Amino acid sequence: MAITDAKTKLIYELSDIYDAERQFLQGMRQALDQADSQELRAGIQEHMSQTGQQIGNLEQVFSLMGDTPLQISCDSARGLVAEAQ
């Protein structure tokens, strides 16, 4: 994808962050299933709630801009989730 102006760059970067947050949420769901203490489960659930809110905030930004996230994958997030697994 050619980035030719500031708005395209913004949409690209927001889309990258959006994908990262979604990957992190999925990773936390898997971690929650494996958590062996109530304290750890509570911490993961709190972080999942915050991440869900961040995803909602990004969706609101895209809506206000009249755009939708690009279908890109955040390689950094994929690596972090794989490492955590």
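Now for a look at the structure at hand. Computed from a prediction, not measured in an experiment: that's the story for all the values here.

Before going further, it helps to spend a moment on the packing of aromatic side chains. Per the counting criterion, the structure on display carries 1 aromatic pair. A ring pair is formed by Tyr-18 and Phe-62, whose centres lie 6.2 Å apart and whose planes are at 75 degrees; its orientation type is edge-to-face. On the criterion of sequence distance, the pair formed by Tyr-18 in helix H1 (residues 6-34) and Phe-62 in helix H2 (residues 38-65) is long-range, its members being 44 residues apart. Taking the relative accessible area as the measure of exposure, Tyr-18 reaches 10% and is therefore buried.

This paragraph deals with the packing of H1 against helix H3 (residues 75-84). At a minimum axis distance of 9 Å, the contact between H1 and H3 shows a crossing angle of 10 degrees. Put simply, H1 runs roughly parallel to H3. Listed contacts from H3 to Ala-20, Gln-23, Phe-24 and Gly-27 of H1 are Ala-77, Arg-78, Leu-80 and Val-81. Residues belonging to the contact of H1 with H3 are distributed by class as follows: 5 nonpolar, 2 polar and 1 charged.

So, how was this worked out
Residues numbered from 1 in each chain as written. Predicted model: local features only at pLDDT ≥ 70, side-chain atom pairs only at ≥ 80, totals over all residues. Heavy atoms only, no water. Phe/Tyr/Trp six-rings, centres within 6.5 Å; stacked < 30°, edge-to-face > 60°. Helix = DSSP H or I, 4+ residues; strand = E, 2+ residues; numbered from the N terminus. Buried < 20%, exposed > 50% of the residue type's maximum accessible area, 1.4 Å probe, protein only. Axes fitted to C-alpha atoms, helices over the stretch in contact; angles between N-to-C directions. Parallel < 35°, antiparallel > 145°, perpendicular 65-115°, else oblique. Contact = heavy atoms within 4.5 Å. Nonpolar A, V, L, I, M, F, W, Y, C, P; charged D, E, K, R; others polar.

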